[in-house]
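Chain by chain, the residues run as shown.
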Amino acid sequence: MQALNEEIYRIIEKGMEGNGLLPEETLKLYALPEDSREAALLRWAGQQMSLKAADGKAEVHAQIGLNATVCPKNCKFCSFAACNGVRKGRYELPKEDVLEYAKLYEEQGANLILMLTTATYSFDKLEDMVGSVREVISPDMPLLVNTEDMTLERAERLKAAGAQGAYHAVRMREGEDTDIPVEERLQTFEYMAEAGLKLSTCVEPVGPENTPEELTEATYRAIDTHPMTSGVGKRIGVPGTLVYDRGMLTEVAAANYVAVYRLATGLDLRLNCSCDSPLTASAGANLAWAEMGTNPRDTKERTEDGGAGDSIEHCRNILKAGGWELLEGPSQGWF
């Protein structure tokens, strides 16, 4: 039987020391054949590192999609994008439903709540929604937004309204597969930090066409933002979108990439995403996302009605299948 590649073995061993890896080392891990013996060792190492970083605890964060109005930012992978023609017109979730969803998520054991909007959603409405949701959930429950790029003033207003942070990311092939300049994303990171909003981010949406070089660049860009949560998330193909025919990562490749990110970032990162299968949950992913309301990864007005969104219970079961204990109560470190 052929021996393990000694160079790869040394890189994985270095990663398990918990101090991160150099970009050239991370690149070699991303380039591993997904069905190789080295990749199996990589997944084991990623899981051991995440268990250590999070004291064996995993979390479920819960997203509420507020609208499905056609968006001019033209992200080719997104069902909301005008360029895809998948959705039509304007749709917004009623405020009373948003508040009920937020309360329900907390009752079901969510560790964090996030509200997602397209770039067409009124900022004033979002600010009001943050304040209203903040009033119906526990004061120690973290509340985040996922919205368009922000000015410093808007970041400060969201913070004052009751948000603790935001999900924000430089997407794969940003500016090519989207109409958003990378510089705008990076500026928003700076404004968020200045306003006191903490960051949740990810290397996403990753497809089979993304190269090890692209993944490595995106990984260190994410690491440099010092996020609260990060990792690697695969692209979910939506029929009718312009990138649908590119296909999706296999579950094995997604698990490998989750493990690479964990070793690259070291022990400083407590929550490593994205957990969407028992395989990723056993390769270092200890953060799963539940979803209700609108969802860019499907075409339902309410993703919980047969769409792509997972329930809290489903997410918890996946994490348990990967050997994780579930954190009870709000996620820590956001306030």
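From a predicted model like this one, the values you see are computed outputs, not experimental measurements.

Conventions used here
Residues numbered from 1 in each chain as written. Predicted model: local features only at pLDDT ≥ 70, side-chain atom pairs only at ≥ 80, totals over all residues. Heavy atoms only, no water. Salt bridge = Lys/Arg side-chain N within 4 Å of Asp/Glu carboxyl O. Helix = DSSP H or I, 4+ residues; strand = E, 2+ residues; numbered from the N terminus. Buried < 20%, exposed > 50% of the residue type's maximum accessible area, 1.4 Å probe, protein only. Polar contact = N/O pair within 3.5 Å; in protein donor to acceptor, adjacent residues only side chain to side chain. Phe/Tyr/Trp six-rings, centres within 6.5 Å; stacked < 30°, edge-to-face > 60°. Disulfide = S-S within 2.5 Å. Expected span 1.5 Å × (residues − 1). Contact = heavy atoms within 4.5 Å. Core = buried A, V, L, I, M, F, W, Y, C linked by side-chain atoms within 4.5 Å. Arc of directions from axis to C-beta. Pairing = 2+ DSSP bridges. Right-handed = clockwise from strand over helix to strand, strands pointing away.

> Can you explain the pattern of salt bridges? Please cite residues and give values.
The final tally for this structure, using the stated rule, is 25 salt bridges. Its salt-bridge partner being glutamate 214, residue arginine 173 comes within 2.7 Å of it at the nearest N-O pair. One end of the pair, arginine 173, is in the loop between strand E4 (165–167) and helix H7 (182–195); the other, glutamate 214, is in helix H8 (residues 212–223), with 41 residues separating them in the sequence. Classification of arginine 173 by relative accessible area gives partly exposed; the value is 24%. Here the residues in one salt-bridge network are Asp124, Glu127, Glu153 and Arg157, joined through shared partners.

> If you had to explain the side chain of asparagine 74 to someone new, which residues and values would you point to?
In this structure, asparagine 74 sits in the loop between strand E1 (57–65) and helix H4 (95–108). Judged by relative accessible area, asparagine 74 falls into the buried class, the value being 17%. Of the polar contacts made by the side chain of asparagine 74, one reaches the backbone nitrogen of alanine 82; its length is 3.5 Å. For asparagine 74, the side chain forms a polar contact with the side chain of aspartate 179, separated by 2.9 Å.

> With reference to specific residues and values, describe the packing of aromatic side chains.
Tallied over the entire structure, the rule returns 1 aromatic pair. Each ring, one from tyrosine 30 and one from tyrosine 257, has its centre 5.5 Å from the other, and the planes form 75°; the classification is edge-to-face. Taken together, the residues span a long stretch of sequence, with tyrosine 30 in helix H2 (residues 23–30) and tyrosine 257 in helix H9 (residues 251–265) at a distance of 227 residues. With a relative accessible area of 3%, tyrosine 30 lands in the buried category.

> Pulling in residues and values, what's your account of the state of the cysteines?
Applying the stated criterion across every chain yields a total of 0 disulfides. Counting only cysteine sulfurs, cysteine 75 is the nearest neighbor of cysteine 71, a cysteine outside any disulfide, at a range of 6.4 Å. Given a relative accessible area of 10%, cysteine 71 falls into the buried group. There is no disulfide at cysteine 75, and the cysteine sulfur nearest it, in cysteine 78, is 5.9 Å away. Cysteine 75 gets classed as buried once you look at its relative accessible area, which sits at 12%.

> Pulling in residues and values, what's your account of H8?
Between the first and last C-alpha of H8 there are 16 Å, a value that for 12 residues agrees with the 16 Å anticipated at 1.5 Å per step. For H8, the complete set of buried residues consists of Glu214, Leu215, Thr216, Ala218, Thr219, Tyr220, Ala222 and Ile223. Against H2, strand E6 (203–206), strand E7 (229–234) and H9 lie the buried residues of H8.

> How would you sum up the nonpolar core? Please name residues and give values.
Ile64, Tyr105 and Val133 are the most contacted members of the largest nonpolar core, which totals 71 residues. Setting aside residues up to four positions removed in sequence, tyrosine 105 forms contacts with Ala62, Gln63, Ile64, Ala110, Ile113, Ala290, Glu291, Met292 and Ile312. With 29 residues, the next largest nonpolar core counts Leu42, Ala218, Tyr220 and Leu249 among its residues.

> Quick one: what's the story with H2, residue by residue and with numbers?
Taken together, the buried positions of H2 are Glu25, Thr26, Leu29 and Tyr30. Projected down its long axis, H2 carries its buried residues within an arc of 140°, all on one side. Residues of H2 that are buried make contact with helix H1 (6–15), helix H3 (37–53), H8, E7 and H9.

> Please give an account of the environment of alanine 119 that cites residues and values.
Relative to the elements of secondary structure, alanine 119 occurs in the loop between strand E2 (112–116) and helix H5 (123–136). Residues alanine 119 and proline 72, 47 residues apart in the sequence, show an inter-C-alpha distance of 7.4 Å.

> Residues and numbers for the pairing of E2, please.
With 5 of 5 residues buried, E2 lies mostly within the body of the structure. With burial as the criterion, each face of E2 is covered, one bearing Leu112, Leu114 and Leu116 and the other bearing Ile113 and Met115. Both E1 and E2 contribute to a ladder of 5 bridges, which runs parallel. In the strand pairing of E2, glutamine 63 is matched with leucine 114. Crossover handedness for the path E1 to H4 to E2: right-handed. The sheet contact formed by E2 and strand E3 (residues 143–146) spans 4 bridges and is parallel. Of the residues in E3, the one forming a bridge with isoleucine 113 is leucine 143.

> Summarise unusual backbone geometry; cite the residues concerned and give the values.
Cis rather than trans, the peptide bond between glutamate 204 and proline 205 has omega equal to -10°. Across the junction of cysteine 273 and serine 274, the peptide omega takes the value 15°, indicating a cis bond. When you line up the elements, serine 274 lands in the loop between strand E8 (271–273) and helix H10 (278–281). Despite not being glycine, aspartate 55 has its phi angle at roughly 55°, a positive value. Tracing the chain through its elements places aspartate 55 in the loop between H3 and E1. Exposure remark for aspartate 55: the relative accessible area of 62% places this residue in the exposed category.

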